[in-house]
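Single-letter residue listing:
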Amino acid sequence: QLQLVESGGGLVQPGGSLRLSCTTSAFTLKNSIVGWFRQAPGKEREGLSCINRAGDIARYADAVKGRFSISRDNAKNMVSLQMNSLKPEDTAVYYCATVSICREDMILNMARGVISWGQGTQVTVSS
């Protein structure tokens, strides 16, 4: 799999917001389904959200539903994750990757189909 590049992480207080971006100069994303993932220390990498090719259908894991929003701008070859109402338990390294399917009942295990990962971006939620 081709790697994507994540950016936008940082330190934020509980209740704050961050916007993460995912892009690549190696290929065009518009024909790919894209997912966002995270991994906290000592925990498995979990799927959070995914978006279809057209950008009009999005799915979310229960832990982030209502707080996170995924979107894409195919003209900019970019997929974003807007994170609001952040909690300390959201602290993790966040990744994006192309995926083969975007189904809500399979989001948590979505990472098992990803072979190659980028560097990710660190999100720390702390006061």
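Scope of this entry: the structure provided in the associated data block.

Basis of the calculations
- Residues numbered from 1 in each chain as written.
- Predicted model: local features only at pLDDT ≥ 70, side-chain atom pairs only at ≥ 80, totals over all residues.
- Heavy atoms only, no water.
- Helix = DSSP H or I, 4+ residues; strand = E, 2+ residues; numbered from the N terminus.
- Buried < 20%, exposed > 50% of the residue type's maximum accessible area, 1.4 Å probe, protein only.
- Lys, Arg positive; Asp, Glu negative; His and termini not counted.
- Salt bridge = Lys/Arg side-chain N within 4 Å of Asp/Glu carboxyl O.
- Polar contact = N/O pair within 3.5 Å; in protein donor to acceptor, adjacent residues only side chain to side chain.
- Pairing = 2+ DSSP bridges.
- Axes fitted to C-alpha atoms, helices over the stretch in contact; angles between N-to-C directions.
- Disulfide = S-S within 2.5 Å.

1. A closer look at the side chain of E6
Okay, so step 1: Relative to the assigned elements, E6 resides in strand β1 (residues 5-7).
Okay, so step 2: In this structure E6 is buried but unpaired, with R45 as the nearest side chain of opposite charge at 7.3 Å.
Okay, so step 3: Here C96 takes part through its backbone nitrogen, which lies 2.9 Å from a polar atom of the side chain of E6.
Okay, so step 4: Here G120 takes part through its backbone nitrogen, which lies 3.0 Å from a polar atom of the side chain of E6.

2. Remarks on the environment of F68
Okay, so step 1: Relative to the helices and strands, F68 resides in strand β7 (residues 68-73).
Okay, so step 2: Linking F68 and I101, residues 33 residues apart in sequence, is a C-alpha distance of 19 Å.

3. Some remarks on the sheet that holds β1
Okay, so step 1: What the four strands build is an open sheet, ordered β1-β3-β8-β7; its pairing is antiparallel. Strand pairing shows two members of the sheet lacking a second neighbour, β1 and β7, which therefore form its edges. Neighbour-to-neighbour, the strand axes of this sheet turn through a mean angle of 20°, independent of strand direction.
Okay, so step 2: Looking at chain direction, strand β3 (residues 18-23) and strand β8 (residues 78-83) are connected through six bridges and run antiparallel. Across the sheet, the residue bridging to T23 is M78, located in β8.

4. Description of the pattern of salt bridges
Okay, so step 1: Per the counting criterion, the structure on display carries six salt bridges.
Okay, so step 2: Across the pair K65 and E104 runs a salt bridge whose closest N-O atoms are separated by 2.4 Å. Taken together, the residues K65 in the loop between β6 (58-60) and β7 and E104 in the loop between β9 (92-99) and β10 (121-125) connect sequence positions 39 residues apart.
Okay, so step 3: Bridged by salt links that share partners, the residues R38, E46, R67 and D90 form one connected network.

5. Some thoughts on the state of the cysteines
Okay, so step 1: On inspection of all chains with the given rule, the structure shows two disulfides.
Okay, so step 2: The disulfide partner of C50 is C102, and the S-S distance across this bridge is 2.0 Å. Handedness here is read from the sign of the S-S torsion; for C50 and C102, about 90°, the answer is right-handed. Placement of the pair is C50 in strand β5 (residues 46-51) and C102 in the loop between β9 and β10, with a sequence separation of 52 residues.
Okay, so step 3: For C50, a relative accessible area of 0% puts it in the buried group.
Okay, so step 4: Look at the chain and number its bonded cysteines as they come in the sequence; the links are 1-3, 2-4.

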